[in-house]
Every structure is written in C-alpha cells, then in structure tokens.
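Structure assessment
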Amino acid sequence: MRVTRASRPSPAEPGSGPPAGAAWAAPVVVFAAAVLAFVPTLQAGFVNWDDDRNFLDNAAYRGLGPAELRWMWTTFHMGHYVPLTWMTHGLDYVLWGMDPRGYHLVNLLLHAAAALAVYFLARRLLALALPQAEPGRVLVGAAATALLFAVHPLRAESVAWVTERRDVLSGLLYALTLIAYLRSAEPGGSRRWYWIALATFVAALLSKAVAMTAPAIILILNVYPLRRVTSWRDAFGAPGLPVWRDVAPFALLSAGTATLSLVALHPPTQLGVAGKAAVSAWSVAYYLGKTLLPTSLSPLHEMPKSVDPLATQFLAAYGVVALAVAAWVAARRRAPGAAAALAAWVVLLLPTLGVVQNGPQIVADRYTYHAAPALALIAGAALVAVPRAFDAVARSMAAVVIVAFGAATWRQATVWTSPETLWTRVLAVEPGSAIAEVGLASDLAARGRFADAAEHYKSAIAIDPTYPEAHNNLGVALTRIGNPGDAVPEFVRAIELKPDYAEAFSNWGNALVRLGDVPGAIGLYRRAVAADPAYADAQVNWGNALVRLDSAAAAIPHYEAALAIRPDNADAHLNWGVALARLGQFGDAAEQFRRALSLKPDLAEARDYLARVEAMGAPRPQ
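Residues numbered from 1 in each chain as written. Predicted model: local features only at pLDDT ≥ 70, side-chain atom pairs only at ≥ 80, totals over all residues. Heavy atoms only, no water.

1. Some thoughts on the packing of helix 25 (residues 536–548) against helix 26 (residues 552–565)
What counts here: What counts as an axis is a line fitted to C-alpha atoms, over the stretch in contact for a helix, and the angles between N-to-C directions run from 0 to 180 degrees. Under the DSSP-based scheme used, a helix requires at least four consecutive residues in state H or I and a strand at least two consecutive residues in state E, with every element numbered from the N terminus. When describing relative orientation, an angle under 35 degrees is termed roughly parallel and one over 145 degrees roughly antiparallel, while 65 to 115 degrees is termed roughly perpendicular and anything else oblique. Handedness of a helix crossing follows the sense of rotation of the near helix relative to the far helix, less than a right angle counterclockwise being left-handed and clockwise being right-handed. By definition, residues are in contact when any of their heavy atoms lie within 4.5 Å.
It is the contact of helix 25 with helix 26, at a shortest axis distance of 8 Å, that shows an interaxial angle of 170 degrees. With respect to helix 26, the axis of helix 25 lies roughly antiparallel. The handedness of the crossing between helix 25 and helix 26 comes out as left-handed. In this structure, helix 25 uses Ala536, Gln539, Val540, Trp542, Gly543, Asn544, Leu546 and Val547 to contact helix 26, whose residues at the interface are Ala552, Ala554, Ala555, His558, Tyr559, Ala561, Ala562 and Ile565.

2. Some remarks on the environment of Ala511
Position of Ala511 relative to the elements: it lies in helix 23 (residues 502–514). Sequence-wise, Ala511 and Ala255 are 256 residues apart; in three dimensions their C-alpha atoms are separated by 50 Å.

3. A word on the pattern of salt bridges
Which entries qualify depends on this criterion: By definition, a salt bridge exists where a carboxyl oxygen of Asp or Glu is found within 4 Å of a side-chain nitrogen of Lys or Arg. Residue burial is assigned from relative accessible area. The probe radius is 1.4 Å, only protein chains are included, and a residue is buried under 20% of its type maximum, exposed over 50%, and partly exposed in between.
Applying the stated criterion across every chain, the model contains 26 salt bridges. As a salt-bridge pair, Arg447 and Asp443 come within 2.8 Å of each other at their nearest N and O atoms. Where Asp550 meets Arg582, a salt bridge forms, and the shortest distance between an N and an O atom there is 3.7 Å. One end of the pair, Asp550, is in the loop between helix 25 and helix 26; the other, Arg582, is in helix 27 (residues 570–582), and 32 residues separate them in sequence. For the residue pair Asp550 and Arg582, the accessibility class agrees, reading exposed in each case. One network of salt bridges, in which partners are shared, links Glu157, Glu164, Arg166, Asp167, Lys208 and Arg366.

4. Points about the environment of Ala185
With respect to the helices and strands, the residue Ala185 is situated in helix 8 (residues 165–185). Taking the C-alpha atoms as reference, Ala185 lies 27 Å from Leu148; in sequence the two are 37 residues apart.

5. Remarks on a nonpolar patch on the surface
Applicable threshold: Candidate patch residues must exceed 30% relative accessible area and have no salt bridge, after which like charges are joined if within 9 Å and Val, Leu, Ile, Met, Phe, Trp or Tyr side chains if within 5 Å. Computed with the Shrake-Rupley method and a 1.4 Å probe, the accessible areas treat only the protein chains shown as cover for residues.
Together, Leu64, Leu91, Val94, Leu95 and Trp96 make up a nonpolar patch on the protein surface, roughly 430 Å² of accessible area in all. Of note, Trp96 is situated in helix 4 (residues 83–96). Judged by its relative accessible area of 32%, Trp96 is partly exposed.

6. With respect to helix 17 (residues 391–414)
Each α-helix turn comprises 3.6 residues. Residues three or four places apart therefore point the same way. Basically, it comes down to this: Given a helix with a known number of residues, its expected span is that number minus one, times 1.5 Å.
With 24 residues, helix 17 should reach 34 Å at 1.5 Å per residue; the first-to-last C-alpha distance of 35 Å fits that figure. Residues of helix 17 that are buried include every one of Asp391, Ala394, Ala398, Ile402, Phe405, Gly406, Ala408, Thr409, Gln412 and Ala413, and no others. Of the surrounding elements, those touching the buried residues of helix 17 are helix 6 (135–150), helix 7 (156–160), helix 13 (273–292), helix 16 (372–385) and helix 18 (419–429).

7. What to know about the side chain of Asn54
Note the following rule: Each polar contact in these results corresponds to two N or O atoms within 3.5 Å; when the atoms are within protein, one needs to be able to donate a hydrogen and the other to accept it, and residues that are neighboring in sequence are counted only if both atoms are side-chain atoms.
Mapping Asn54 onto the fold places it in helix 2 (residues 51–56). A distance of 3.3 Å separates a polar atom in the side chain of Asn54 from a polar atom in the side chain of His77. Not counting chain neighbours up to four residues away, the residues in contact with Asn54 comprise Tyr61, His77, Met78, Trp86 and Thr163.

8. Brief notes about a negative patch on the surface
Just so we agree on the cut-off: Counting rule for charge: Lys and Arg are taken as positive, Asp and Glu as negative, and neither His nor the chain ends is counted. The atom standing in for a charge is NZ when the residue is Lys, CZ when it is Arg, CG when it is Asp and CD when it is Glu.
Together, Asp57, Glu503, Asp537, Asp571, Glu605 and Asp608 make up a region of like negative charge exposed at the surface. Here Asp571 lies in helix 27. In this structure Asp571 comes out as partly exposed when scored by relative accessible area, which is 36%.

9. Points about helix 20 (residues 450–463)
The criterion, for reference: Arc definition: it is the arc formed by the directions from the helix axis to the C-beta atoms.
The end-to-end C-alpha distance of helix 20 is 20 Å, a good match for the 20 Å that 14 residues give at a rise of 1.5 Å each. Looking only at helix 20, the buried set comprises Phe450, Ala453, Ala454, Tyr457, Ala460 and Ile461. For helix 20, the buried positions fall inside an angular range of 115 degrees around the axis, keeping them on one side. Against the buried residues of helix 20 lie helix 19 (434–446), helix 21 (468–480) and helix 22 (484–497).

Rendered as structure tokens:
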C-alpha cells in the first residue's frame, strides 16, 4: 500500500509554460483526430448484430414522448438497463428518423468528446504525478494519452457499432466523473466538485453498468497520485476516513448496479472456477497484446464450446499474467504511477473478464473502451519523463505510432459498414464461426438471395449441429426457394433443440401452407403464440391462413392483436386490408393499405392493392 511521497508542485518558472496557442491547439488536434479516424462510419448502416433487435425491429424507443420514456426507464431490453443511452437514441429518432448516418454521427461526436475528457483528465493526473514537469511537457503527454486512446483500432467496435452507443456515452461520463472527483480531492478543492462527480457517476451507470468500477478507481487515485493514503495504517486510521467517506456513496451505487445487472442479464450456464480463471487470464493477455499490436481484430471471437484450463492458449495466458504481475511488483516502488495505472487497467476490465459470462464471445474489443486510457497514460507519462535530449526521437516515435493506429482504425471502422463486411471479416479471422455464417446468410436472405443464404446456413450447421437458429433459418430459406418439404425437418430439429422456439413454429406453419396443409399451419401458429404471446408475426400468419380458408372476418382479430404488439407492423395493415377487401369493405381496406404505405412507402403490394380497391369504388383521400 505504501507509495513514494513526492513533493508538492512548485509554481512553474517563467517561460516553462506551453508554447503560445498550444493550450487550445492540443484539444483541437485530439478532437479532430478522433473524428478523422472514424469518418468511414458516417456512410455505414445498421448491422444484423443486435442493431436489428435494438433499432430496426424495435419501435418502443422511437421518440421522447411519455410512452417511449416509460419504456426506456423500465426496460431491461436484451439484458441491459441503460435508460440514458436509450434517451439519446430516442433523440436520434426525433432528429434522423431511421437514417443510420445520424446515429453514427452521434456515436462519433460522443467518442470525440470522450477523447477530449481523457485529455483533460490526463493533464490533471500527469501534473499531480510529475509535479516538477514543465506544463508544456505535461500538455504533450496528455495529448499523446488522449490520441492513443482515441485512434486505437480497439476503439472501432465501440464507435462504429450503433448498439455500442452505451460505451462512448458512459466512457465520456466516466472520465468527467474522475475529473470532477480530482478537483474535489485536491488541496483547497470545492465540495461542489464532489457532488458533480457523484451526479456524473450516476449518469454513467445509467448509460452502461460497467461504470460500477469507479469506487475502486477512486481508491487507487487516493493512493496515487493524490497521496492521501500512503500506507495501510493511513487507510484504516484517521487519514483514511475522508477517503472512505468519499468512496461510500459511489460504492453503494455500484453495489446496487451490480445486483441489478445480474438480475437483468439472466446469465446462461456459467463456467466453473477453473474455466473462469482460464478465460479471465486469456482476456487479460488478449487485451494487453492487442493494445500493443492491434492485428487480426474481429467483431466476434467466439467462446469455444468447451474450455480446457490446461489448453496451450490458456497456459500461455497464465504466463503473460504472471509477467504482468511481476512487472507490477517491480514498478510499485520505483514507478508508482505506472503501477497505479496498471492496477486501474485491470480493475476497469474486471466486469468484462468472464467472471459472469454473458454472450457468445470469449473477448470483445469494445470491452477495452473504459480501460484503455490507463495504459495510454503510461505512454503519455513516459513522454513527459523522457530526458530532454531524447524529446525529438520520443515524440517522433509517438507520432508514427499514433498515425499508424489511426490508419488501422480507419480500416477497422469500414468493417462495420454493412452486415456483409462485418461477417466477412469475422470469417476471415475465425473461419469456424457458426454465428458469422448465420449472420452472413441472414444478410443474403434479407437481400433475396435465399439459395446463397441456404449454403451458409448449411455451413453453420456443419460447424455446430446444435445451433437452433441455423436450422430454423435454413428452413426459411428452403421454403422461399420452393422446397418446403425439405424445410420441415429443419424446423422440427430447431424445436427439438429449443422447445419454446416461437419463430420456428410459425415458420413451420408457413411451410405447411406452401404444402397445402392450412389447418395444420394454424395449429402451429397457435403453438407459436402460446410459446411467445408477444410474437406479432405469428398472429399475422394466423390471420393470413384464415383468409386462405375464406374466414376473413375471423382473421381480423389476429391482425389487431399483431398491431397491439407492434403498431409499426406494415404487413399486419396490408393483410388486414386484404381481409377487408375480401369482405367487400373497400373503403376500410383502402385505409389499411394507406397505413401500411405510411409505415413502409416501398411496399409494392400495398400500393397495388390500394389501386385495385380505389378502382372498385373506395373513396380517395380529399
């Protein structure tokens, strides 16, 4: 716990300040570099990797009205409680509708703002840690820290993926929390800054739960560079009391957030202790290695089906962790700042190291977003502390690294341009990814290339025969290319693997309709609704089957039920219009077709049907 005491900063000598204009030029450069590295994202779309479930198929967030706000503040959509992040997406919808370029622009601006916050945080930390350093050198070190954070290729996943807005927003708020806390804790600091820190911390938690590490980081800061606690005796004696008073409210909020997160995530079956240790060690080794040499990055590194803690990759990871621990022990007295930064890096990573496994990944580039400034700060401090004779060489080397990282980030950002580029990249890095095969196939299917999609679904099944979504989606593709008989066994297998698979029941019903067994299909739609009462498509399909049986009146309640679940369901309005037209209610049918077109202007069937019923006497709008 003991650290080396350093003398308090002395007033800077005349002429030791930064060059004229540098004080404002440095943050401008940081902001501009953060934007420039991610320019390709401004032409990117949504991807079928959670963006579809969060935005394309989710009408609940669209706007900032009472209904949308109620949903944002009460939902655990996809296992996350992030109401503040959802509010920014509600504003997205108000400003841009469903144009993904606007969503990406906000992600980019938030990231650039986070880079600025890291710059100002680094300036304050470096000034505290190196009190004799000239302000101009501190400025250079802080700028390098912020640039290494901002343009590193590991940032691409957080910035270029609309779903990960929660990373950049919470990262910005986290940095502001630490800046405000440092202002409050320094000699003569105002208590007002403490309450600002607590407020921004709450906002960070409401943006993403990973901010729960702040209490531990505040403790580290109090050891170094604040030096309010310099020994275990200080920590548990009178000198430590103000620190614990500071930390307590943060810790209580973090504990509540951690509990809420565990409840919300409903984590799947977890690895044993040895498996968790292996995954955690591998994660630390991966993040450390990719920070230094960011090659072969991928949007998905799948968790292996089984984890052998004694496998070669994990044994190597244990070695890396052991070396890192040895380096930390060696630095603890000689370079307390580096030791504190390394400890902070590990603490910031802790929520993502696999202690509670959630999701199909063993590691993810986005998990480094909050932790990255800690390692970057070590590099920034080295630039401040380097002997003056080596300034030019050190700064040139830093500039080369930053430019190289920026170029690599530009390339990595293009990976997120579309589902095709995303999944092609995953398969290039990890050819055996069943999830990537399904993702690429689903993109092909969305573009009407069902035969090509079927081949990729078959590849996914060859990799993982127990993947229910692959079987279900293969069945859909086979149905669409005219092989419903071959599709049926795929739906059956999907349901064997996932007995409550509502989508597979409904799709099986669609295949039976193609085979002429409409009553059998209705039975399957009934089972789909029983498995998932909120599955609107099953209600639409049920209604369509009844129309085929000349029971148009009986179909209408199913379209109404579908629209009660999803008011933006254009297909429900379209088919409701068809049912009304069958009943001779052409005016009401026309109104349903118009509603379908208002939701989906390119829906050609609705336009054709509308023209037909208007030709049959349906009144045109005045």
